[in-house]
Every structure is written in C-alpha cells, then in structure tokens.
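Breakdown of the fold
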Amino acid sequence: MSYSVSNFDGLGIAPTILTLLDKLKFMVPTPIQHKAIPIGIEGKDLVGIAQTGTGKTLAFTIPMLQNLAKGPGGALVVVPTRELAMQVNETVKKIAPAFGMKSTVLIGGAPIFPQISSLKKGREIVIATPGRLIDHVERGTVHLKEYRILILDEADRMFDMGFAPQVTQIIKGTPREKQVMLFS
C-alpha cells in the first residue's frame, strides 16, 4: 500500500490543533503520524516504530493533549535521556498552551528543588527520565496514580540502558485503566 496524505484533516484532530499545526507550518503528516494519531485520539494503546526524525513526538503529543482536554488526570512521558526530555518538551510547549496546559521536565543532573516547585504549581504533562521520576515518586512529589496517559518514548533505548526496573515500577504505579503509547 502506498502512502499518500496531503494534510492533517481526517485524522480526528481537534480544530484548535489543526489551526496550530497550520501556524507552525506542519502541513503533511509523516507516515508514523498518519498511522498513530487516529489510534491515539481514540484512546487506544499503541506501539509506534519509526526512524529518528520522522515526527514521533508529534505523533504522541497531539493525541495526548486532545485526550487530556477531555477530563481530569495527567500524562507521563518517560524518555531515556535528558536531551530527549528537553526536545519533547519543546514540541509539547508549542501546542499545550492552546489547551491551557503546562508541562514540566524532571531529569537527573538538574537541581531537584526547581522541579519540585514546578510540580507544586500543577502540571498536566510530566516529561521525565526514569531515575529522576522514581526519585520524585519516592519523595512524594509525583503520585503516579494521577496519570491516565503513559508514553514511553525510545522504549527500546530505555531497556538497552538498563532502565527496565524503573520502567516496570512506573508502569505498576500508574492506574490500571490508562492509555499507553510506546514509541521506538
């Protein structure tokens, strides 16, 4: 089957986001976006596999924000590295304000007290590396049961880097009824 999509219409994306995508000059969805966005918007679990640089972040950010807008609860985006956490946050910050949502980044190697302060202000989206997220859970500054969407980005790399115990702990700590999007 050949891939041919001319724009983001017809993927179930809210008009608010479509307008924003247009302003941000995102005109044509990549194959991973075309396949993942409708499934994610439906609230279904999904596994997305695509090369680096193919727009995976937008493929989970759009459904995540659209689903968070439907009701209470937050989203956790777990990534293997500080650099990826910052990149994901840059994408999220381009769209989240349209919904009145805020994100915070929890990464090791950065001072923890500004992170705690940010969490106390209330953030719908937490983007974190596994070790620092567990640190916050143990301090009681993050309560995993509050997150109804869990995204594991670069999941294969997290396991390659030895984060399996932390990722397992995170998954077990989140609610049973949640949406899981795993990208690799």
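Above this text you will find the structure in question.
The present account deals with the structure reproduced in this document. Since this is a predicted model, take the numbers as computed values, not measurements. (Residues numbered from 1 in each chain as written. Predicted model: local features only at pLDDT ≥ 70, side-chain atom pairs only at ≥ 80, totals over all residues. Heavy atoms only, no water.)

Moving on: the packing of helix α6 (residues 130–139) against helix α8 (residues 164–173). It is at 9 Å that the axes of α6 and α8 come closest, and there the two elements cross at 50°. Taken together, the axis directions place α6 and α8 in an arrangement best described as oblique. With respect to the hand of their crossing, α6 and α8 are arranged in left-handed fashion. Residue-level inspection shows Pro 130, Leu 133, Ile 134 and Glu 138 of α6 in contact with α8, the latter providing Gln 166, Val 167, Gln 169 and Ile 170. Taken together, the residues of the contact of α6 with α8 break down into five nonpolar, two polar and one charged. (Axes fitted to C-alpha atoms, helices over the stretch in contact; angles between N-to-C directions. Helix = DSSP H or I, 4+ residues; strand = E, 2+ residues; numbered from the N terminus. Parallel < 35°, antiparallel > 145°, perpendicular 65-115°, else oblique. Left-handed = near helix turned anticlockwise from the far one by under 90°. Contact = heavy atoms within 4.5 Å. Nonpolar A, V, L, I, M, F, W, Y, C, P; charged D, E, K, R; others polar.)

Scanning all chains against the criterion turns up five salt bridges. A salt bridge links Glu 42 to Lys 44; the shortest N-O distance between them is 2.8 Å. The exposure class assigned to Glu 42 is exposed, which follows from its relative accessible area of 53%. For Lys 44, a relative accessible area of 47% puts it in the partly exposed group. Note that Asp 135 is salt-bridged to Arg 139, the shortest N-O span being 3.0 Å. Of this pair, Asp 135 and Arg 139 both sit in helix α6, four residues apart, which is roughly one turn of the helix. Look at the salt bridges and you will find they share partners, linking Arg 132, Asp 135 and Arg 139 into a network. (Salt bridge = Lys/Arg side-chain N within 4 Å of Asp/Glu carboxyl O. Buried < 20%, exposed > 50% of the residue type's maximum accessible area, 1.4 Å probe, protein only.)

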